[in-house]
Amino acid sequence: MSKIIPNQVVPHRRLLLKGLATLPMGLSAAAAQAARDPHLAFRHTHTEERLRVAFRNRQGYIQPALQRMDWLLRDFRTGESTRMDPRLYDMLHALSLACGGDTFEIISGYRSPTTNTMLRKTRGGGVAKRSLHMDGKAIDIRLVGVDTARLRDAALALGAGGVGYYPDSDFVHIDTGPVRSWGPKSA
């Protein structure tokens, strides 16, 4: 079992509370249970793999769950994986609570340097040279049943990292880097 360092737990609780604050005042029983028992559900759009897992409990992160999510978010082109920043999972959980969705569709998680270079050459400059995807600190997502503009707005409201909005490709990028945003804004 991993040791929990108290000053690492506080930001995660704060992020969860930010997610809860965006919910309507009448918190449903299902939402209240989800807040107490954090879980995430995924479908990877390139591999069609699915995963539903409780990733945290009162003692902290559940390491086998983190490992399963890290593997799901591997670079599907090369098969390489890395340890993803667990704060991404907290952000996803807060977004799920805020938007009411359940299953995240994964467009891109970890990217190997080889894949990142290939994408930079083929995507016309839309891929950062030193992408946070290569550090396990970024994920491109959709939330089933939730408009991506709404998902973007909820991610911005968290104020927890980078948020990129790609309406033409219908996905939102979130990362655990500095707070910043790009792409079309709300009207």
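For every chain, the first residue of the written sequence is number 1, and numbering continues from 1 onward in sequence order. Whole-chain, interface and lining totals are the exception, using all residues; otherwise, since this is a predicted model, local features are given only for residues with pLDDT of at least 70 and side-chain atom pairs are given and counted only at 80 or more. The side-chain values count all of the structure's non-hydrogen atoms but skip hydrogen atoms and water molecules.

A.B. asks: What is the right way to look at the overall build of the protein chain in this model?
C.D. replies: Helix and strand content of the protein chain: 6 helices and 9 strands. Only protein chains enter the accessibility calculation, which uses a 1.4 Å probe; a residue is then buried when its area is under 20% of its type maximum, exposed when over 50%, and partly exposed in between. For the protein chain, buried positions account for 47% of its 187 residues. By definition in these notes, contact holds between two residues if any of their heavy atoms fall within 4.5 Å. Residue pairs in contact within the protein chain that sit at least 24 positions apart in sequence constitute 60% of those at least 6 positions apart. By definition, any uninterrupted DSSP run of H or I lasting at least four residues is a helix, any uninterrupted run of E lasting at least two residues is a strand, and each is numbered from the N terminus.

A.B. asks: What's the story with the sheet that holds strand E2 (residues 50–54) in this structure? I'm lost.
C.D. replies: One key point about sheets: their strands pair by backbone hydrogen bonds, in either a parallel or an antiparallel sense. Reading across the sheet, the 7 strands line up as E2-E1-E5-E6-E8-E7-E9 and stay open at both edges, with mixed pairing between neighbours. Only two strands of the sheet have a single partner each, and these edge strands are E2 and strand E9 (180–182). Direction aside, the axes of adjacent strands within the sheet are offset by 25° on average. With 5 bridges connecting them, strand E1 (residues 39–44) and E2 associate as antiparallel partners. Within E2, the residue paired with Arg-43 across the bridge is Arg-50. Two strands pair under a simple rule: DSSP has to find at least two bridges between them. A fitted line through C-alpha atoms represents every axis, and for helices the fit uses only the stretch in contact; the resulting angles, taken between N-to-C directions, go from 0 to 180 degrees.

A.B. asks: So what exactly am I meant to see when it comes to the confidence of the model for the protein chain here?
C.D. replies: Looking at the protein chain, the pLDDT average stands at 84 and 78% of residues meet or exceed 70. pLDDT gives the predictor's per-residue confidence on a scale running from 0 to 100. Mean pLDDT values over the elements of the protein chain span from 46, in helix H1 (residues 6–21), up to 98, in strand E6 (residues 138–143). Note that residues 1–11 has pLDDT below 50 and, in this model, 5 contacts with residues that lie over four places away or in other chains. Low pLDDT (under 50) marks residues 19–34, which in the prediction has 15 contacts with non-local residues, meaning those over four places away or in another chain.

A.B. asks: What is the right way to read the environment of Met-134 from this model?
C.D. replies: Take Met-134: it is sitting in the loop between helix H5 (113–122) and E6. Residues within four places of Met-134 in sequence aside, it is in contact with Tyr-110, Arg-111, Ser-112, Pro-113, Asn-116 and Lys-129.

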